[in-house]
Amino acid sequence: MTIWFVKTLLLCLLNVAAALLLSPLCEGVMRKIRAALHSRIGPPVTQPYWDLLKLLGKEDLRATGGAVYAGVPALTLASVLLLAVLVPMATAAPLAFAGDMIVVLYVAAMSGVLIMLAGFASASPYASIGSSREMMMLLSVEPILAIALIVGAFKARSLTLGGIANWQMQNGPSISMAIGGVAFFLALQAVAGKLPFDIAEAEQEIMGGSLVEQSGPRLALFRWAIWTKQFVLAFLLVEVFFPWPRFGNYLVDLVTTVVKVLVVLALVTLIDVVNPRLRIDQAMGYFMRVAVSSLAALAFAVIGK
Amino acid sequence: MGLIDQATLVRVKRAVEAGAKDALLRTTEPHADTLHFTIEKTAMRAVVEVLVNELHARFLISVGTDERPVTGAFSVLHVFSLDRAHLFILLEAPISENDLRIESITEVIPGANWAEREFRDAIGVYPEGHPDPRRLLLADDWPEGVYPLRRDVPYNYHPPRAENVRPQLREPPTGASVVPMGPFFPVLEEPAYWRLFVEGETILGCDARIFYNHRGIEKLGDSVLTYNEIPFLAERICGICGFIHSTCYCQAVEKAAGIDVPRRARFIRTIMLELERIHSHLLWLGIAGHIIGFETVLMQAWRIREPVMWLCEEISGNRKTYGMNTIGGLRRDLPNEIKPKLLKGLTEVEEQSIAVRNAVIGDSTLHARTKGVGVLAKDWAKKVCVVGPPARASGVAIDARIDHPYAAYDEVPILMATQEAGDTWARVLVRVTELLESIRLVREALQALPEGPICSEIKEEIPPGRVGVSVVEAPRGEAIHFVLTGGDNRPYRWRVRAPTYPNLQALPAMVANANIADVPITLGSLDPCFSCTERLETIDRRTNEVRVYSHAEILGLSRRKPPGGGVP
């Protein structure tokens, strides 16, 4: 019992450490790609680490009092780290026994809800607009994540992410899982807050939206949470929908998975660079169409394709 | 000029006579393209109605002047343009010191709103019946009853410090909340304070306070500087279209004094004006992209723009603020040796601009963000007297280069780009078309560039009491300079009106019932330039140590990777 406990704890810490330490690097790579497409040289890939260090070293200025405003940054990062231990990263998720796909969906939505709360608690008109936009984005994107995972659950007859990933591993590509994967990818663009869906931040319209009143260490925690979330969800995408090839060696598998995650994030950046920002009504209309088309994946799953 | 039809002159004179009845004091023709009527102020509104309703004249600007030392009275002068007839009409009314009032014309011409508030602030003549007589030009802490453009107020007057002042802003309608945009805001390069009244994300109305940048440039022009010093100050009215303002000022003085500018100088002015339009439109395209989050357009448009700045530097020695204009011509020639280099540079800019145009025109997300957004109806555009690309995108076919030809535009004529839709997309199309048209114009003007002197000699002093109105089509629309000559080798009155001045007045109608997300791009699609509008001068912070960096050094410094990731 004790050995099992220590082993699980170690695996959890490994996942948390990997997510925390690698996500700024991924962000750095994404910035570099963005710069290249802008004909710029761009900051060094290590820049996000320095950004975090600088922000963490600053004075903690608070726009308003109140427990919600004070506690939300740490909670947001914690919720994302909880997601990190529920998602398989090159090996089974350390806390897989504690929660299935439905828990993962709830935990994934948590950080968005918390950022929204931070906005409403900071008593700024820009933050309020940003938070209401965040809410509308959550409501239109969550169903797509759910439908994509339900397709997997239906095919694998399992509600655990590990079960779906294993089934996908053994049975190879299928039409329904491919459509589900694409829908998940499109939703990832919005969850990561990238163009054309960075509507809730929209610096030029509402000056950063929900996070407009955040600075210093608080902003660092939010930034870190957002970077980690896009990193972990990209893992979820490649592990569940595109798990091949797997070599059986943990290190080799880790490396290939990280490479696949980088490819996914590079694609996210590419879409980000070639698009202007949509208006919130246009984005909701777009995701409505994506949700309806992802139902096709469910239909294919029912007929066994 | 030869463009003016005698029958039109007669028609205008008859119409004004009929409108003014016995109130017409004097009619003069200071220049072939200018008619100057002096009337009793009681007939002002009636004559303006005749001009607008019967002759379809377009209001340009009002000029309030303290002429007490000369005539014993103030004067208010409204400037109109008959675009198709290439004619300026000046309508002047003396205002006695005992009765500082004049009938407001804003109800006839909504676009006269700011102009009337401005002469009220500047010389203290009250427009009676003005719908919105709030302060416009002066700072909120400026004392009541001190009118800076009166002759008895010295240029270096310092008002006492005031406490607890705030702008006079309207309250939001019931149920609406206020979302402030400004005075400092990410998409505003300069301070301006917009209060948006919103319900959810829908805009019910807005109110604005601008003129945070007013620096009293006009006052300096008629009290401290001399005729030939003012072009340098005029050039610093704006950081983008500086050459436009110095040209416009010089042309106004040249017209007032009857000075002929050599042909070569007129061609070089045309080349420089069009080069400014090229880099300004590329700058705008980048900023418009940035406003809707399309940073790639910003980066690529500015990359293409940079070589244009180098060409300007090659010609004048400066990327911007060339210091080339002087009364009677130019201070600096365009060397014939660099013509091939200019033509080659232009070809590259043209190729890349066409590539960007094709990418922009084919982008469906851009269409979604700009089509039907910020629509300015043709009727309202005419009423608010909008100028430049916003006017042409709403189907109002006006362009100073055609309506009042100056420099060499009579010899290298332009093709006007117009659109009918009046939305942001139409304004994008107009500017992109003008960008390519300007490249063609520069190329043709370079090829046709005549030899000869670049400045005419001015032997006699410029006589006082002459007026000159000059317009120049800036990238943002028509800029107007009005000069009334004085003694002491300086103008008695110098009035500047930048194109953003009328264009900003159209914004409230363009954002009504829009979404908050559409406000920045709608404002951006006007290409606002607050420093022009407010006649600002910025001054560089001086360091004690003087060091000249070469181009390569500056590039190297900005690209150096500092140890530890800090700032170099």
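Reading the values: rules and limits
Residues numbered from 1 in each chain as written. Chains lettered and ligands numbered in written order. Predicted model: local features only at pLDDT ≥ 70, side-chain atom pairs only at ≥ 80, totals over all residues. Helix = DSSP H or I, 4+ residues; strand = E, 2+ residues; numbered from the N terminus. Rg over C-alpha atoms; globule rule 2.2 N^0.38 Å. Buried ≥ 20, exposed ≤ 12 C-beta atoms within 10 Å, placed from the backbone. Contact = placed C-beta atoms within 7 Å. Arc of directions from axis to C-beta. Pairing = 2+ DSSP bridges. Axes fitted to C-alpha atoms, helices over the stretch in contact; angles between N-to-C directions. pLDDT = per-residue confidence, 0-100. Domains from an automatic or database assignment. Nonpolar A, V, L, I, M, F, W, Y, C, P; charged D, E, K, R; others polar. Core = buried A, V, L, I, M, F, W, Y, C linked by C-beta atoms within 7 Å. Parallel < 35°, antiparallel > 145°, perpendicular 65-115°, else oblique. Left-handed = near helix turned anticlockwise from the far one by under 90°.

Enquirer: Give me the overall build of chain A: which residues, what numbers.
Expert: Of the regular secondary structure elements, chain A holds 11 helices and zero strands. Listed N to C, the secondary structure of chain A is α-α-α-α-α-α-α-α-α-α-α in terms of helices and strands. Over its C-alpha atoms chain A spans a radius of gyration of 19 Å, differing by no more than 12% from the 19 Å that the globule rule assigns to 305 residues. Across its three principal axes, chain A shows a C-alpha extent of roughly 50 × 50 × 40 Å. The buried share among the 305 residues of chain A stands at 50%. Considering only contacts in chain A between residues 6 or more positions apart, those separated by 24 or more positions represent 80%.

Enquirer: Tell me about the overall build of chain B, and please be specific about residues and values.
Expert: What chain B contains, in helices and strands, is 20 helices and 15 strands. Its C-alpha radius of gyration of 24 Å places chain B within 12% of the 24 Å reference for a compact globule of 568 residues. Seen along its three principal axes, the alpha-carbon backbone of chain B occupies a region of about 75 × 70 × 50 Å. When the 568 residues of chain B are sorted by exposure, 50% land in the buried category. Of the contacts made within chain B by residues no fewer than 6 positions apart, 67% connect residues no fewer than 24 positions apart.

Enquirer: Go over helix α2 (residues 44–53) of chain B, please, and point to the residues and values.
Expert: All names here are of chain B. Regarding α2, the residues found buried are M44, V47, V48 and L51. Each buried residue of α2 lies within a common arc of 100° when the element is viewed along its axis, so the set occupies one face. Buried residues belonging to α2 abut α1 (6–20), β2 (34–39), β4 (73–82), β5 (87–95) and β6 (101–103).

Enquirer: If you had to explain the sheet that holds strand β14 (residues 477–485) of chain B to someone new, which residues and values would you point to?
Expert: All names here are of chain B. Spatial ordering of the open sheet is given by β13-β14-β15, a layout of three strands whose pairing is antiparallel. Edge positions in the open sheet fall to β13 (467–474) and β15 (491–497), since each of these has one partner strand only. Neighbour-to-neighbour, the strand axes of the sheet open up by a mean angle of 15°, direction not taken into account. The pairing of β13 with β14 spans eight bridges and is classified as antiparallel.

Enquirer: Which residues make up the confidence of the model for chain B, and what values do they have?
Expert: Scored by pLDDT, chain B has a mean of 87; 93% of the residues are at 70 or more. The ipTM value of the predicted complex is 0.79, and its pTM value is 0.85.

Enquirer: So what's going on with the domain arrangement of chain B? Which residues, and what values?
Expert: Residues and elements named next belong to chain B. Segmentation of chain B into domains returns domain 1 (1–151) and domain 2 (217–534). Once you take the C-alpha centre of each, domain 1 and domain 2 turn out to be 26 Å apart. Listed as interface residues are 24 residues of domain 1 and, on the opposing side, 21 residues of domain 2. Contributions of two or more residues to the side of domain 1 that touches domain 2 are made by β1 (24–31), β2, β3 (58–67), β4, β5 and α4 (113–123). Considering only residue class, the side of domain 1 that touches domain 2 consists of 13 nonpolar, eight polar and three charged.

Enquirer: Tell me about the nonpolar core, and name the residues and values.
Expert: Ranked by size, the top nonpolar core spans 259 residues in total, and within it V87 of chain A together with I89 of chain B carry the most contacts. Considering every element that reaches this core, the biggest residue donor is helix α9 (residues 216–241) of chain A, with 18 residues. Inspection of this core shows a minimum of three residues originating in each of domain 1 (1–151) and domain 2 (217–534) of chain B. Beyond its immediate sequence surroundings of up to four residues, I89 of chain B is in contact with V12, L35, L51, A57, F80 and L82 of chain B.

Enquirer: Quick rundown of the interface of chain A and chain B? Include the residues and the values.
Expert: Listed per partner, the contact involves 28 residues of chain A and 27 residues of chain B. Looking at the side of chain A that touches chain B, the elements with two or more residues in it are α2 (47–56), α5 (125–156), α8 (203–206) and α11 (280–302) of chain A. Of the residues contributing to the side of chain A that touches chain B, the split by class is 15 nonpolar, seven polar and six charged.

Enquirer: Talk me through the pairing of β13 of chain B; I want residue IDs and the actual numbers.
Expert: All names here are of chain B. Counting buried residues in β13 gives eight out of eight residues, a clear majority hidden from the surface. Side chains of β13 alternate between two faces, with V467, V469, V471 and E473 and G468, S470, V472 and A474 buried alike. Where β13 hands over to β14, the hairpin turn is made up of two residues, counted between the paired strands.

Enquirer: Pulling in residues and values, what's your account of the packing of helix α7 (residues 175–191) of chain A against α11 of chain A?
Expert: Residues and elements named next belong to chain A. Running from amino to carboxyl end, α7 crosses α11 at an angle of 155°, the nearest separation of the two axes being 8 Å. The pairing of α7 with α11 is recorded here as roughly antiparallel in orientation. Crossing angle aside, the handedness with which α7 passes α11 is left-handed. Between α7 and α11, the contacting residues are I175, S176, I179, G180, A183 and L186 on the first element and V290, S294, A296, A297, F300 and A301 on the second. Grouping the amino acids of the contact of α7 with α11 by side-chain chemistry returns nine nonpolar, three polar and no charged.

Enquirer: Which residues make up unusual backbone geometry, and what are the values?
Expert: Residues and elements named next belong to chain B. The backbone phi angle of H56 is positive, close to 55°, even though this residue is not glycine. When you line up the elements, H56 lands in the loop between α2 and β3. The phi dihedral of T321 is positive, around 55°, even though this residue is not glycine. Examined against the element boundaries, T321 turns out to sit in the loop between α9 (295–316) and β11 (325–326).

Enquirer: Outline the packing of helix α3 (residues 67–86) of chain A against α9 of chain A, supporting the account with residue identities and numerical values.
Expert: All names here are of chain A. Taken N-terminus to C-terminus, the directions of α3 and α9 make an angle of 20°; their axes are 8 Å apart at the nearest point. Looking at the two axes, α3 sits roughly parallel to α9. Here α3 runs over α9; the crossing is left-handed. Contacts between α3 and α9 pair P73, A74, T76, L77, V80, L83 and A84 from the former with R218, L221, F222, W224, A225, T228, K229 and V232 from the latter. A per-class count over the contact of α3 with α9 returns 11 nonpolar, two polar and two charged.

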